[in-house]
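# Close look at the chain arrangement
Each chain, letter by letter, is given below.
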Amino acid sequence: MSLIFYAVLFLLGLFLPVFSSEFPPLAVPLVSLCAVAPFFRFFVARGIAVFILGCLLSFVQLHSVLNRQLSASLQGHELQATVVVLALPVEKGRSVRFVVRVIEIARVGEKYCDQCAGLVGEKIRLSWRRAGAFETLRAGQYWSLKVKLKTPRGFVNPGGFDYQAWLLNQGVSATGYVRSGNKNLMLPLKKSTRSSFQSPSQSSSKSPSQYFASIAGFIEARLFASGGFESEAIMRALLLGDKSRLTPDQWNVFQKTGTTHLMAISGLHIGLVAMMFFIAVRRLIGVIPFALPVIVIRVLPVLFSVVFSGLYAGVSGFAVPSQRAWFIVVFANICYFFGRKINPFRVLLYAAIFVVLLNPLSVTQNGFWLSFTAVFLLVYCFAFRVERFSSIKGLIIAQWVVCVGLSMVLFACVLPMSGLGPVANIVAVPLVSFVVIPALFLAALLSLWSAELSKIALTVADFSLQKLWSILHWLSSIDLNLWFSPFSVWFAVLGFIGCMFVLAPRAFKLQLPGLILIVLVLFAGRSDRMSDFYRMTILDVGQGLSVVIESPSKTMVYDVGAKFSPSFDIGSRVLAPYLRYRNRMNIDSLVISHGDNDHAGGLKGLLALVRVERLFMNQDVIDVQSGGGQKKGENKQQKGLGGTGLSQPESIESCIKGLKWRMDDLEIKVLWPTLQSLSNNHSNNDSCVVWLRSADVSILLTGDIEKTVENELISSGVLPKKVDVLLAPHHGSKTSSSLAFIHAVNARHVIFSSGYLNRYKHPSSVIEKRYRLGGSKAWNTAEHGAITVEWRRDEFLRVFSERLKNAKLWYD
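Residues numbered from 1 in each chain as written. Predicted model: local features only at pLDDT ≥ 70, side-chain atom pairs only at ≥ 80, totals over all residues. Heavy atoms only, no water.

## Structural notes on the overall build of the protein
Threshold: Only runs of H or I of at least four residues qualify as helices and only runs of E of at least two qualify as strands under DSSP, and these elements are numbered from the N terminus. Each residue gets one of three labels from its accessible area relative to the maximum for its type: buried under 20%, exposed over 50%, partly exposed in between, using a 1.4 Å probe on protein chains only. Residues are treated as being in contact if the distance between any of their heavy atoms lies within 4.5 Å. Surface accessibility follows the Shrake-Rupley procedure with a 1.4 Å probe radius. Residue values consider only the protein chains on display as shielding. Positive charges come from Lys and Arg, negative ones from Asp and Glu, while His and the chain ends are left out of the count. Every charge is mapped to an atom, namely NZ of Lys, CZ of Arg, CG of Asp or CD of Glu.
Of regular secondary structure, the protein possesses 30 helices and 26 strands. Seen along its three principal axes, the alpha-carbon backbone of the protein occupies a region of about 100 × 70 × 65 Å. The buried share of the protein, reckoned over its 812 residues, is 52%. In the protein, once contacts between residues fewer than 6 apart in sequence are set aside, the share between residues at least 24 apart is 71%. Accessible area for the protein stands at about 37200 Å²; split by element, carbon and sulfur atoms hold 62% of it. Here the protein contributes 81 positive and 50 negative side-chain charges, whose respective centroids are spaced 9 Å apart.

Here it is in structure tokens:
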């Protein structure tokens, strides 16, 4: 028991640094260990020492990860790099994304670069806009590429996905893009592995990820080069971990039916592969006509089980569920070999320590908590029960257990719980586990000997997946996804305890207390949304704009950010999740300032997920997405949204000077454009300028207006004389923010919404200096993340940024 106690404390020690905001001096944990050392004979002192040791190891690991990031001095420079492609390329709109490992790198025109040396051997994530790049790039290839890089970075918004933590968790040290030119060449293998900038050991050895990438590329070429299978995207995901070809519609069906865990290489699949090879080798040994030594009989099943499940996990990229599952496979096989009994709770605890010790940033990913919690629940409900269930009954109960037990974790992570999950998984789990996965593995093995035989196995998998898809697609039409606003950590823990009570054996009579605890958490344990406050949040959306204004009872959105690719837009990936986090899934008024992509590109994505009552815009939604034109007088309701399958706003109105409405005590007034000033070319000067004011607060939202409109506003006398918060016109461009305008509004705070190292170099240093000299405090989403303005009736407002309020070790 004491060993488990120490293991739990060690794991908690590994967790703590990940949620810290700064690195302590190394002397602090070392001195603490020395201070506890004289008392090691006491149980508590040993526990404290183990906890501090966990913290120390985690801090060292995190420090190493962050030190491997790209040097700031190399950002924006053209670099020539020799790289090896590590994973299957992913097609995203007009570009291709892929991960490579650096073999050698230097500035263009230089033979050696001291600052570049730290990138040798590291992973970088690149995008490449080149016709045919997706068909040309293959895992395991060597290339010489001209690139521009920057340090890993992502949007930072309340309740949002931490892309930077995800990149660091994947071991990515830099991101960037391939520059066009004749210096981008695929290299022969022999030539590319000779590097004049590396030691012999570096140039002659391959990392495990390179071997796994080569295996993935080999299997892809053997099985999927000719195509022709309807379910090829799903088969790639299941066999190679390549989820890039799954469409948004497919993901939507899987999410609604609670089957997303089956559509990629998961812990369940790795366990199945380990079991398949273990049983197959045992049976094969049993039919051999001659006797084998006992040691061979015990070693061979273990060896095949561990090696092939490890290869499967490696090809998938060794995600957290894969790491957890493979560790359990290894531990279980070791116990079998030595004839030892397995304590599943202890194995799961050691697996968690193994995963976090290997990469502390794993705990920042939802998959870590969902994966380990699901296995814990199954062990809790099945491992020590006297009652034995039939296969069908056991499968049904397992789905009930996972559905109930994971509910609080899903709600705490702001993820939906599918009410159809138990029903869909009763069909999907056996079909995928016992038909599709074996058929895909058989196809991969048969491809070594016969393409015809492997195609037969692929046809079986494809036919099974088509039948499964038709069932899941039908079930998804019954949308039973349950959403709740996120809980605080302690309420989520209480809710999970309630779920444990409900799932406990009936003899303990804990079901009723568990249900009461769950109900209390669902209706009383939600995180405080400060309903008596007014709040404006300028979201971190890169080079673009999206603003959410909240009053006690209403919600307004000003602009919806950009659309970056067919599968990624700000409306669905950033704005809608933030609204869900704030429990504000009904927008009372949505204002689209003008038709540029960086302000309006996310509109369709948002309308697909969120209900909008009133939509104010001066361009048609088809214009916004495709660049088409609309003639004056055309019916916007019919032309813009009809027949698109999007949620229909109750009204669509023009955003014209003189328009007014209220949000509780907050008055909203449109100052620009006039009906006469509107153009047909989506000009920046068509931007809808909105003034928000209450008794004590004045806020001005300006879109992309330029100096011409600023002068018009000044001369017309409609500008407020004193502004508390100004959204800087046109992201701080030199074409806006004239001295006259800055003096006219006299803003206390000015906020620039811009992208990190954006190509337009917004905001201009000249404009920033101009505002500072005018007495304004400047904020920039590129530096500060999301910026929130809060105020209460009859109280002063406060402004704070997400990067400072919820600082992480990896934020700069």
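## A closer look at the pattern of salt bridges
The condition that has to hold: The salt bridge definition used is simple: a Lys or Arg side-chain nitrogen within 4 Å of an Asp or Glu carboxyl oxygen.
Under the definition given, this model contains 15 salt bridges. The partner of Asp-242 in a salt bridge is Arg-236, and the shortest N-O contact between them spans 3.5 Å. Summarising the burial analysis for this pair, Asp-242 and Arg-236 share the class buried. Close ionic contact of Arg-611 with Glu-650 constitutes a salt bridge, the shortest N to O distance being 2.5 Å. With Arg-611 in strand 16 (residues 611-616) and Glu-650 in the loop between helix 25 (636-641) and strand 17 (651-653), this pair connects stretches of sequence that are 39 residues apart. With a relative accessible area of 42%, Arg-611 lands in the partly exposed category. By relative accessible area, which is 55% here, Glu-650 ends up exposed. Members of the salt-bridge network, linked through shared partners, are Glu-220, Glu-232, Arg-236, Asp-242 and Arg-245.

## Thoughts on the pairing of strand 11 (residues 546-550)
Consecutive side chains of a regular strand alternate in pointing toward one face of the sheet and then the other. This is how the line gets drawn: Here, any two strands with at least 2 DSSP bridges between them count as paired.
Across the five residues of strand 11, five count as buried, placing the element largely inside the fold. Of the two faces of strand 11, the one holding Ser-546, Val-548 and Glu-550 and the one holding Val-547 and Ile-549 are both buried throughout. Judged from the four bridges that link them, strand 10 (residues 534-538) and strand 11 form a sheet pairing that is antiparallel. If you follow Ile-538 over to strand 11, its bridge partner there is Val-547.

## Looking at the sheet that holds strand 23 (residues 749-752)
Here is the rule we go by: Orientation is described by lines fitted to C-alpha atoms, with helices fitted over the stretch in contact, and by angles between N-to-C directions that extend from 0 to 180 degrees.
What the seven strands build is an open sheet, ordered 18-19-20-21-22-23-24; its pairing is mixed. Every other strand in the sheet has two partners, leaving strand 18 (660-663) and strand 24 (777-780) as the edge strands with one partner each. In this sheet, neighbouring strand axes are inclined to one another by 20 degrees on average, regardless of whether the strands run parallel or antiparallel. The pairing of strand 19 (residues 666-672) with strand 20 (residues 689-693) spans five bridges and is antiparallel. Paired with Val-670 across the strands is Val-690, a residue of strand 20.

## Remarks on helix 9 (residues 232-240)
Given 3.6 residues per turn, any residue in an α-helix points the same way as the ones three and four places further on. The buried fraction of helix 9 is high, at nine of nine residues. For helix 9, the full list of buried residues reads Glu-232, Ala-233, Ile-234, Met-235, Arg-236, Ala-237, Leu-238, Leu-239 and Leu-240. Looking at the buried positions of helix 9, the neighbouring elements they touch are helix 8 (208-224), helix 10 (248-256), helix 11 (267-287), helix 12 (294-315), helix 17 (421-446) and helix 18 (451-476). Once helix 9 finishes, Gly-241 follows within two positions and takes phi at roughly 75 degrees, a positive value.

## Observations regarding the confidence of the model for the protein
What counts, and what does not: As a per-residue measure, pLDDT reflects the predictor's confidence and takes values from 0 up to 100.
Overall, the prediction assigns the protein a mean pLDDT of 86, with 92% of residues at 70 or greater. In the model, residues 191-204 has pLDDT below 50 throughout and makes 17 contacts with residues more than four positions away in sequence or in other chains.

## Thoughts on helix 26 (residues 707-716)
To keep things clear, this is the line we draw: In this description, the arc belongs to the directions extending from the helix axis to the C-beta atoms.
When helix 26 is considered as a whole, its buried residues turn out to be Val-709, Glu-710 and Leu-713. One side of helix 26 carries all its buried residues, which in axial view fall inside an arc of 105 degrees. Turned more than 90 degrees away from the buried face of helix 26, the exposed residues are Thr-708 and Ser-715. The inward-facing, buried residues of helix 26 abut strand 19, strand 20 and helix 27 (739-745). A positive phi of about 75 degrees marks Gly-717, the residue just after helix 26.

## Points about the packing of aromatic side chains
Condition: Pairing of aromatic rings covers Phe, Tyr and Trp, the last through its six-membered ring, and needs centres within 6.5 Å; plane angles under 30 degrees mean stacked, over 60 mean edge-to-face, and all others mean tilted.
What the rule picks out here adds up to 29 aromatic pairs. Their ring planes at 55 degrees and their centres at 5.5 Å tell us that Phe-15 and Trp-369 sit as a pair that is tilted. Taken together, the residues Phe-15 in helix 1 (residues 2-15) and Trp-369 in helix 15 (residues 366-382) connect sequence positions 354 residues apart. Residue classification places Phe-15 among the buried residues on the basis of a relative accessible area of 13%. Take Trp-369: its relative accessible area is 32%, and that puts it in the partly exposed class. Measuring from centroid to centroid gives 4.2 Å for Phe-277 and Phe-308, while their planes differ by 10 degrees, and the two rings are stacked. In this pair, Phe-277 is assigned in helix 11 and Phe-308 in helix 12, connecting sequence segments 31 residues apart.

## Structural notes on the state of the cysteines
To be explicit about the condition: A pair of sulfur atoms, both from cysteines and within 2.5 Å, is called a disulfide here.
On inspection of all chains with the given rule, the structure shows one disulfide. Two residues, Cys-655 and Cys-688, share a disulfide whose sulfurs are 1.7 Å apart. Taken together, the residues span a long stretch of sequence, with Cys-655 in the loop between strand 17 and strand 18 and Cys-688 in the loop between strand 19 and strand 20 at a distance of 33 residues. Taken as a pair, Cys-655 and Cys-688 share a single burial class, namely buried. Here Cys-413 stays unpaired: no disulfide links it, and the sulfur of Cys-499, its closest cysteine neighbor, is 13 Å away.

## Topic: unusual backbone geometry
Here the residue pair Trp-672 and Pro-673 is connected by a cis peptide bond, since its omega of 10 degrees sits within 30 degrees of zero. Looking at the secondary structure, you find Pro-673 in the loop between strand 19 and strand 20. Cis geometry is adopted by the peptide bond preceding Pro-763, which originates at His-762 and carries an omega value of -10 degrees. Mapped onto the fold, Pro-763 is located in the loop between strand 23 and helix 28 (765-773). Even without glycine at this site, His-730 takes up a positive phi of about 50 degrees. Tracing the chain through its elements places His-730 in the loop between strand 22 (725-727) and helix 27. Despite not being glycine, Asn-746 shows a phi value in the positive range, around 50 degrees. Looking at the secondary structure, you find Asn-746 in the loop between helix 27 and strand 23.

## Considerations on the packing of helix 17 against helix 18
Rule in force here: An angle below 35 degrees is treated as roughly parallel, one above 145 as roughly antiparallel, one from 65 to 115 as roughly perpendicular, and anything else as oblique. Note on convention: near helix rotated counterclockwise from far helix by under a right angle means a left-handed crossing. Clockwise means right-handed. The residue classification treats Ala, Val, Leu, Ile, Met, Phe, Trp, Tyr, Cys and Pro as nonpolar and Asp, Glu, Lys and Arg as charged. All others, Gly included, are polar.
For the pair helix 17 and helix 18, interaxial distance at closest approach is 8 Å and the crossing angle is 160 degrees. The orientation of helix 17 relative to helix 18 falls into the category roughly antiparallel. Relative to helix 18, the crossing made by helix 17 is left-handed. Here Ala-424, Val-427, Ala-428, Leu-431, Val-432, Val-435, Val-436, Ala-439, Leu-440, Leu-442, Ala-443 and Leu-446 of helix 17 come into contact with helix 18, specifically with Leu-453, Ser-454, Ala-457, Leu-458, Val-460, Ala-461, Ser-464, Leu-465, Leu-468, Ile-471, Leu-472 and Leu-475. By residue class, the composition of the contact of helix 17 with helix 18 is 22 nonpolar, two polar and no charged.

## Some remarks on the sheet that holds strand 11
Strand pairing in a sheet relies on backbone hydrogen bonds. The paired strands run either parallel or antiparallel. Taking strand neighbours across the sheet as the criterion, the eight strands line up as 17-16-15-12-11-10-25-26 in an open arrangement whose pairing is mixed. Either end of the sheet is taken by a strand with one partner, and the two such strands are strand 17 and strand 26 (798-801). Averaged over all adjacent pairs, the angle separating strand axes in this sheet is 20 degrees, with direction ignored. Here strand 15 (residues 586-591) runs beside strand 16; their pairing, made up of five bridges, is parallel. Bridged to Ile-587 within strand 16 is Val-612. Along the sheet face, helix 21 (residues 570-581) touches strand 10, strand 11, strand 12 (555-560) and strand 15 and points at about 160 degrees away from the line of strand 12.

## Re the packing of helix 1 against helix 3 (residues 43-67)
Their axes nearest at 7 Å, the elements helix 1 and helix 3 cross at an angle of 35 degrees. For the element pair helix 1 and helix 3, the recorded crossing hand is right-handed. Counted together, Ser-2, Phe-5, Tyr-6, Leu-9, Phe-10, Leu-12, Gly-13 and Leu-14 of helix 1 and Phe-43, Arg-46, Gly-47, Val-50, Phe-51, Leu-53, Gly-54, Cys-55, Leu-57 and Ser-58 of helix 3 form the full contact between these two elements.

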